[in-house]
Structures are given as C-alpha cells and as structure tokens.
Amino acid sequence: MTYLSRVKLNPARRAAREVLGSPQSMHAAVLASFPGRLADRTTERVLWRLDPGDGETLLYVVSPEQPDFTHLIEQAGWPTLQTWESRDYAPLLDRLALGQRWAFRLTANPTRSRPLKDGAPSQRFGHVTVAQQQQWLVNRAQPAGFELPPVPGPDGEERPEHGLVIRNRTVDRFRRQDATVTLSRATFEGQLVVADPDALRTTLTAGLGSAKAYGCGLLTLAPVTA
C-alpha cells in the first residue's frame, strides 16, 4: 500500500525554521515518522516536498507505510490542532488513464552528467538557467509516463514552453560528512497529459530525478480547473 500525506508546518516557530532550512534535518524528520522499520530498508523509497505558503508550509510525503507525524507537529507545527492527514494513494493511482489531463507540481533537482575532462568519470552538475531546467523536464516527460501539451498564448498560437511555470529556483550548499553538497532545485507547475499510466504510477511513487533524500522528485497531481 502507498500513502500520500500532507502536513501543515508553522514557519513562525524557531524550531520549524531550523528544520525547514536544512534538507538533512527534514529528511531525518520525515524518516523518523515511520516507527523504526522503514529507515532500515534500502529498497523502499520515501518522497517528500515542501510547499511554502502564506503563514504555513505544507509538507507532502509519499510512502509505502503509514506515517506518524506527531513528533514533527510538536517540533514544527501546531501541536493542539489536527494539522496532518494521510490517505491511501491507490484510488488516485488506479484512476490514471491514457489521455487524462492533470495539473501538476514537481520540485526537482535538474541535472546533467558530464566528465570534467576526457577520460574522467562523469560527474553530475545542476542546471541553473530557466531554459535548461525547462528542457530537463521536457526531456524526461515521455519516459516518466506523461506529455507536456502545448498551451495557446495570448495570440492563439501554441507556446513552445508548454505553459510551464518555474518557481523557487535555488542553489543550496551544505555539509554532508566531510563533503560539501551543492543542490540546485526548481519547482515546476503546469499541466500534463497521461501517456503511459503504468509509467506515471511509477513516477508518482518512485520520484523523478535525483536528490530525493533532499526533498526533490515528488510529483503530485490535481484536477484541472478553469
């Protein structure tokens, strides 16, 4: 069984700002939501994403086990309120069908791999321009089970950028053990059309791209509104 959870966090609290500002701390807090079992499994994937908003930050989590976010609410949420919920993801996953159109949001780590010099092993480098990040998603859409449909512009002609909106473009650097991690992130919003329901189900539960431990890769869907 797969679960989709949403947790409301309070960025006005000092402890919340500390955990929200550290991908490593947030990753640890998310894994701590699974009673001692999931953290020991290398084959299970937990995806998470932070969506900042007015007065609150939403944490989304996709997991193969039902979580308990009590500790996170006590540290970084509103402890006296019921501010998190987990639902069985299967009903939405089972609804996916060829040709459906959905609104989507994805925070990802758009990267490319290349060697620093001839003959050297490939290394991963982050895309930092809007055009590079946009093309990164366009290139990965079909294998991930969806298409990015052209969107008409004000003049009625189709826009080549597929109506994508890219927000919260950041480059973060932090220490991990004895190394410095450089992480480029971008949040993509737009509409997609289901091209391969099975592949899209895999993308929704396994993630898209790299740096999944640091809040990247979680794609979520919502009904298209006028």
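The coordinates are above.
Given the structure is predicted, the values throughout are model-derived calculations rather than measurements.

A look at the sheet that holds strand β3 (residues 57-63)
Okay, so step 1: Taken together, the four strands give an open sheet; going across it, the order is β2-β3-β1-β4, and neighbouring strands pair in antiparallel fashion. Only two strands of the sheet have a single partner each, and these edge strands are β2 (47-52) and β4 (84-88). Sheet twist, expressed as the average angle between the axes of neighbouring strands with direction ignored, equals 15 degrees.
Okay, so step 2: Pairing analysis gives seven bridges linking strand β1 (residues 3-9) to β3, with the strands arranged antiparallel. Residue pairing in the sheet places Lys-8 in a bridge with Leu-58 of β3.
Okay, so step 3: In this fold helix α2 (residues 23-31) packs onto β1, β2 and β3, with an angle of close to 120 degrees to the strand it touches most, β2.

Things to note about α2
Okay, so step 1: By the burial criterion, the buried members of α2 are Pro-23, Met-26, Ala-29 and Val-30. Angular distribution of buried residues about the axis of α2 spans 125 degrees; they occupy a single face of the element.

Comments concerning the pairing of β1
Okay, so step 1: The two faces of β1 differ: Tyr-3, Ser-5, Val-7 and Leu-9 on one face are buried, but Leu-4, Arg-6 and Lys-8 on the other face are not.
Okay, so step 2: When β1 meets β4, the two strands line up antiparallel, connected through five bridges. Bridging from a neighbouring strand, Leu-4 pairs with Arg-87 of β4.

Observations regarding the layout of surface pockets
Okay, so step 1: For the largest pocket, the calculated volume is near 520 Å³.
Okay, so step 2: Lining the largest pocket are 21 residues, and of these Leu-4, Tyr-60, Thr-220, Leu-221 and Ala-222 sit closest to its centre.
Okay, so step 3: Only β1, β2, β4, β5 (101-108), β12 (179-194) and β13 (219-222) provide two or more residues apiece to the lining of the largest pocket.
Okay, so step 4: Classifying every residue of the lining of the largest pocket by side-chain character gives nine nonpolar, four polar and eight charged.
Okay, so step 5: The volume enclosed by the second largest pocket comes to roughly 410 Å³.

A closer look at the pairing of strand β11 (residues 165-176)
Okay, so step 1: Bridging between β11 and β12 involves ten bridges; their strand directions are antiparallel. Counted as the bridge partner of Val-165 is Glu-189 from β12.
Okay, so step 2: Hairpin geometry of β11 and β12 is characterised by an intervening segment of two residues between the two adjacent antiparallel strands and by a positive phi of about 55 degrees at Gln-177.

With respect to helix α5 (residues 130-141)
Okay, so step 1: For α5, with twelve residues, the first-to-last C-alpha span of 17 Å sits near the 16 Å given by 1.5 Å per residue.
Okay, so step 2: Taken as a whole, α5 has its buried residues at Gln-133, Gln-134, Trp-136, Leu-137 and Ala-141. Down the axis of α5, the sector holding all buried residues measures 150 degrees, keeping them to one side.

Conventions we followed
Residues numbered from 1 in each chain as written. Predicted model: local features only at pLDDT ≥ 70, side-chain atom pairs only at ≥ 80, totals over all residues. Heavy atoms only, no water. Pairing = 2+ DSSP bridges. Helix = DSSP H or I, 4+ residues; strand = E, 2+ residues; numbered from the N terminus. Axes fitted to C-alpha atoms, helices over the stretch in contact; angles between N-to-C directions. Contact = heavy atoms within 4.5 Å. Buried < 20%, exposed > 50% of the residue type's maximum accessible area, 1.4 Å probe, protein only. Arc of directions from axis to C-beta. 1 Å grid on protein atoms, 1.4 Å probe; cavity = no way out; pocket = protein on both sides within 12 Å on 5 of 7 lines; lining within 4 Å. Points joined across faces, edges and corners; volume = space filled by probe spheres on them. Nonpolar A, V, L, I, M, F, W, Y, C, P; charged D, E, K, R; others polar. Expected span 1.5 Å × (residues − 1).

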